[in-house]
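Residue-level listing of the chains:
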Amino acid sequence: IDDHKERKNSYNRFQNEDEEENNYNNYTQQDGNYADNAANDEDGASSDATEGHDDEDEIYEGEYQGVPAYNDGKPRDGQVALGQPVSDSLKSRKELENERLADEEELAQQYELIMQECGHGRFQWQLFFVLGLALMSDGVEVFVVGFVLPSAETDMCVPNSGAGWLGSIVYLGMMFGAFFWGGLSDKLGRKQCLLISMSFNGFFAFLSSFVQGYSMFLVCRMLSGFGIGGAVPIVFSYFAEVLAREKRGEHLSWLCMFWMIGGIYASAMAWAIIPHYGWSFSMGSAYQFHSWRVFVVVCALPCVSAVVALTFMPESPRFYLEMGKHDEAWMVLKQIHDTNMRARGEPERVFTVNRIKIPKQLDELVEMQNESANPVLKVLFKIKIWLTFMKCFNYPVKDNTIKLATVWFTLSFGFYGLSVWFPDVIKHLQADEYASRVKIHNNERTEDFTFNFTLENQIHRNGVFLNDRFISMKFKAVTFIDSSFLNCYFEDVSSVGSSFKNCTFVDSFFYNTDIDDTKLTNSRVINSSFHHNKTGCQMTFDDDYSAYWVYFVNFLGTLAVLPGNIVSALLMDKIGRLSMLGGSMVESMMIFMLCLYNGLSISAWNSLDVVTAELYPTDRRGTGFGFCNAMCKLAAVLGNLIFGSLVGITKAIPILLASSVLVGGGLVGLRLPDTRANVLM
């Protein structure tokens, strides 16, 4: 009750201040501003949250009872505005911006009081799980790249020159998507942009599992990445705007957990699905649907679930207020209040807010100055993502933008670089161990022999094969050098990782094999014929001796982040964002194992998400977060290229490079302002 009275007094303070202003935004009940006496009368007040009926048995649950009116200070048609000495059209842009800044500061304080009255309960938890699914989809998208990369490139016969493009092009799509969708969400709304971007991602992710050509697969995954790029900046902006200050740090950190749940989900599905070659089908030899494509379809499910669930959630009320949509914001805030009160068993509690400050809207001035522009320019000015982006480099957020971009870049460079490097190093070490067990045969001669079994990990030099038959068998990592095949018969033969160098084929017959020019290097074919050759790449996961091990190691690596995620959520509001951000990144230089690195770095990611959401004002929160996330994905591209090129060359340089970058970013992060006491501007 005391809290209730205190908040009521705070609202009265805002009301009294407005009544004393006597200018363009004069708030009085005479002008109809938030005057809904029937709904807010102290003696007989009742909220539509009340179950059943009111005293007169006329108003029912959910029935529209009217919205407190908002007067923007503009004279109605045929009326003269009293007490309005200067028209907005006569004021300079700087004067209008200063007035808007003052309005935003007042709104930030009042909005915090409103969120405290609404409470933290069922509504926030519902939105928590819905946005968690969207964030989970982003984590899945990132991990899918690493898991399908070797399989897709093998399945689609990608030459070495094209290998690695998949990882880079997905991150490029996410980079442009983060900037575009984040900026658009500041103009069109959090919910609407998130719905569109997630639908975009789900459609092209699903489509990519069916396309056969590598070029089309790259295009689909790039567009899928472009769609999911909007998830991180919009999700955190959206959720931060329905949380009170004392809950914001902890619950945004809990939300971060869904990103790694996405990684765990992708790792578990890869481990369970990809190595199972039996989970596939084909239509002839032209259309192959291997198990990795099943994995891609399964990984699109969180995105589809997020889109469905998001349709039932309202727009951010803070965004509505920033856009001057008072009635819509009031209705959403009332919905939050009533949902939480019903869940607490207090449906009779009344939503006492009877007026909300609206910042001065400058869009009309922009449109007025561009009336002569063509329609395309008018649309661009209406959206004006670029103009909002440039505001991120204006005082007072300029320094914070530069620092945040630096920290996002350095943390991402180390995280994604090492995330690519660790699995590749494991594969490289296993490949070295596999190659060390190769069997070498020199000057062998076989005659009238039938090979109907697998030849694996062998090198044959200067061999002679006379009247031999190779039937229903497989060459696995077998190389023939300077060998001769005379009057030999090949039927139903697969050659995975095998080749024939400087070999000679005389009077030989090939039927239903995959031996073609790509596997015959500087070889001569004399009086021999090929019939019904297999098309496409012959790939089975029986050939991947390290598949289970690599996917299992990645699964353990993603599981390792859960303890760090839980600890960071519990401590975020107690020891502060910056101590965890800088400390976690500095500690990350000590990593030598994937699990340890992931477990330490997740606290830094969580802290960075919270700080970024809290440092930007509402009118550029999505844009600023999107820009920082775009820098993150740019660093991911560079990390993929640089760390990928170091695999097999050296093990010390990647560790030292990641350590120095992370330490530098951690030191910059410690210079960011502490946001624990901030209200959302």
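Here the structure is a predicted model, which means the values were calculated and not measured.

Quick notes on the overall build of the protein chain
- Summing up its helical and strand segments, the protein chain has 23 helices and 16 strands in all.
- Looking at the protein chain as a whole, 53% of its 681 residues qualify as buried.
- In the form shown here, the protein chain has an accessible surface area of approximately 29,300 Å², with 59% of it arising from carbon and sulfur atoms.

Overview of the packing of aromatic side chains
- Going through the model one piece at a time under the given rule, you end up with 42 aromatic pairs.
- Look at Phe451 and Phe453: their rings are 5.9 Å apart centre to centre, the planes differ by 50 degrees, and that puts the pair in the tilted class.
- Measuring from centroid to centroid gives 5.6 Å for Phe505 and Phe510, while their planes differ by 65 degrees, and the two rings are edge-to-face. Judged on exposure class, the residue Phe505 and its partner Phe510 are both buried.

Here we look at helix α10 (residues 291–299)
- When you tally the buried positions in α10, you get seven out of nine residues, the bulk of the element.
- Those residues of α10 not exposed but buried are Ser291, Trp292, Arg293, Phe295, Val296, Val298 and Cys299.

Examining the confidence of the model for the protein chain
- For the protein chain, per-residue confidence averages 75 on the pLDDT scale, and residues scoring 70 or more make up 65% of the total.
- The low-confidence segment residues 18–65, where pLDDT is below 50, has 102 contacts with residues more than four positions distant or belonging to other chains.
- Across residues 586–592, where pLDDT falls below 50, the model places 16 contacts with residues more than four positions away in sequence or in other chains.

A short note on the pattern of salt bridges
- What the rule picks out here adds up to 11 salt bridges.
- Here Glu614 makes a salt bridge to Arg248, at a shortest N to O gap of 3.5 Å. Taken as a pair, Glu614 in helix α21 (residues 594–615) and Arg248 in helix α9 (residues 245–273) lie far apart in primary sequence, 366 residues in all.
- Residue classification places Glu614 among the buried residues on the basis of a relative accessible area of 3%.
- A salt bridge links Lys476 to Glu456, with the shortest nitrogen-to-oxygen separation between them at 3.1 Å. You can see Lys476 sitting in strand β8 (residues 469–481) and its partner Glu456 sitting in strand β6 (residues 455–461), a full 20 residues away along the chain.
- Accessibility expressed as a relative area gives 10% for Lys476, which makes it buried.
- Salt bridges linked by common partners bring Asp186, Arg190, Glu241 and Arg621 together as one network.

Describing the packing of helix α8 (residues 231–240) against helix α22 (residues 621–646)
- Packing of α8 against α22 leaves a shortest axis separation of 8 Å and a crossing angle of 140 degrees. Of the possible angle classes, the one that applies to α8 and α22 is oblique. Judged by the twist between their axes, the crossing of α8 over α22 is right-handed. Two secondary-structure elements touch here, α8 through Val232, Pro233, Phe236 and Ser237 and α22 through Arg621, Gly622, Phe625, Gly626 and Asn629.
- A per-class count over the contact of α8 with α22 returns four nonpolar, four polar and one charged.

So, unusual backbone geometry
- Although it is not a glycine, Ala477 adopts a positive phi angle of roughly 55 degrees.
- With respect to the helices, strands and loops of the structure, Ala477 is situated in strand β8.
- The exposure class assigned to Ala477 is partly exposed, which follows from its relative accessible area of 25%.
- Backbone geometry places Asn502, a non-glycine residue, at a positive phi of 55 degrees.
- Within the secondary structure, Asn502 is located in the loop between β11 (499–501) and β12 (504–506).
- A residue is classified by how much of its surface remains accessible, and Asn502, at 39% relative accessible area, is partly exposed.

Thoughts on the nonpolar core
- Leu131, Met198, Phe239, Leu255, Phe295, Leu404 and Tyr416 are the most contacted members of the largest nonpolar core, which totals 106 residues.
- Ranked by the residues each element gives to this core, the list is headed by helix α4 (residues 122–155), at 16 residues.
- Leaving out residues up to four positions away in the same chain, Phe239 has contacts with Gln124, Leu127, Phe128, Leu131, His251, Leu252 and Leu255.
- If you look at the next biggest cluster of nonpolar residues, it comprises 18 residues, including Cys488, Phe490, Phe500 and Cys503.

Re a nonpolar patch on the surface
- Taken together, the side chains of Leu634, Leu638, Leu641 and Ile642 define a hydrophobic patch exposed on the protein surface, amounting to about 300 Å² of accessible area.
- Structurally, Ile642 can be placed in helix α22.
- The exposure class assigned to Ile642 is partly exposed, which follows from its relative accessible area of 35%.

Things to note about the pairing of strand β13 (residues 509–513)
- As defined by bridge partners, strand β10 (residues 489–496) adjoins β13 across four bridges and the pair is classed as parallel. Looking at β13, one finds that Glu491 is bridged to Tyr511.
- One ladder, built from three bridges, connects β13 with strand β16 (residues 529–531); its direction is parallel. In the sheet register, Phe510 faces β16, and the bridge partner there is Phe530.

A word on the environment of Ser199
- Topologically, Ser199 is positioned in helix α6 (residues 190–208).
- Since its relative accessible area comes to 36%, Ser199 is described here as partly exposed.
- Distance from Ser199 to Ile228, taken between C-alpha atoms, is 8.9 Å for residues 29 residues apart in sequence.

Points about the side chain of Glu112
- Within the secondary structure layout, Glu112 lies in helix α3 (residues 93–118).
- In this structure Glu112 comes out as buried when scored by relative accessible area, which is 5%.
- A distance of 2.8 Å separates the side chain of Glu112 from the backbone nitrogen of Arg245, its partner in a polar contact.

Notes on the sheet that holds strand β4 (residues 445–447)
- Strand order across the open sheet formed by five strands is β4-β7-β9-β12-β15, with parallel pairing between neighbours. Two strands lie at the open edges of the sheet, namely β4 and β15 (524–526), each paired on one side alone. Between one strand axis and the next, the sheet turns through 5 degrees on average, direction left out of account.
- Relative to strand β9 (residues 484–486), strand β7 (residues 464–466) runs parallel, the two sharing three bridges. Counterpart to Phe465 in the pairing with β9 is Phe485.

The rules behind the values
Residues numbered from 1 in each chain as written. Predicted model: local features only at pLDDT ≥ 70, side-chain atom pairs only at ≥ 80, totals over all residues. Heavy atoms only, no water. Helix = DSSP H or I, 4+ residues; strand = E, 2+ residues; numbered from the N terminus. Buried < 20%, exposed > 50% of the residue type's maximum accessible area, 1.4 Å probe, protein only. Areas by Shrake-Rupley, 256 points an atom, 1.4 Å probe, with all protein chains shown as cover. Phe/Tyr/Trp six-rings, centres within 6.5 Å; stacked < 30°, edge-to-face > 60°. pLDDT = per-residue confidence, 0-100. Contact = heavy atoms within 4.5 Å. Salt bridge = Lys/Arg side-chain N within 4 Å of Asp/Glu carboxyl O. Axes fitted to C-alpha atoms, helices over the stretch in contact; angles between N-to-C directions. Parallel < 35°, antiparallel > 145°, perpendicular 65-115°, else oblique. Left-handed = near helix turned anticlockwise from the far one by under 90°. Nonpolar A, V, L, I, M, F, W, Y, C, P; charged D, E, K, R; others polar. Core = buried A, V, L, I, M, F, W, Y, C linked by side-chain atoms within 4.5 Å. Patch = residues over 30% accessible without salt bridge, like charges linked within 9 Å, V, L, I, M, F, W, Y side chains within 5 Å. Pairing = 2+ DSSP bridges. Polar contact = N/O pair within 3.5 Å; in protein donor to acceptor, adjacent residues only side chain to side chain.

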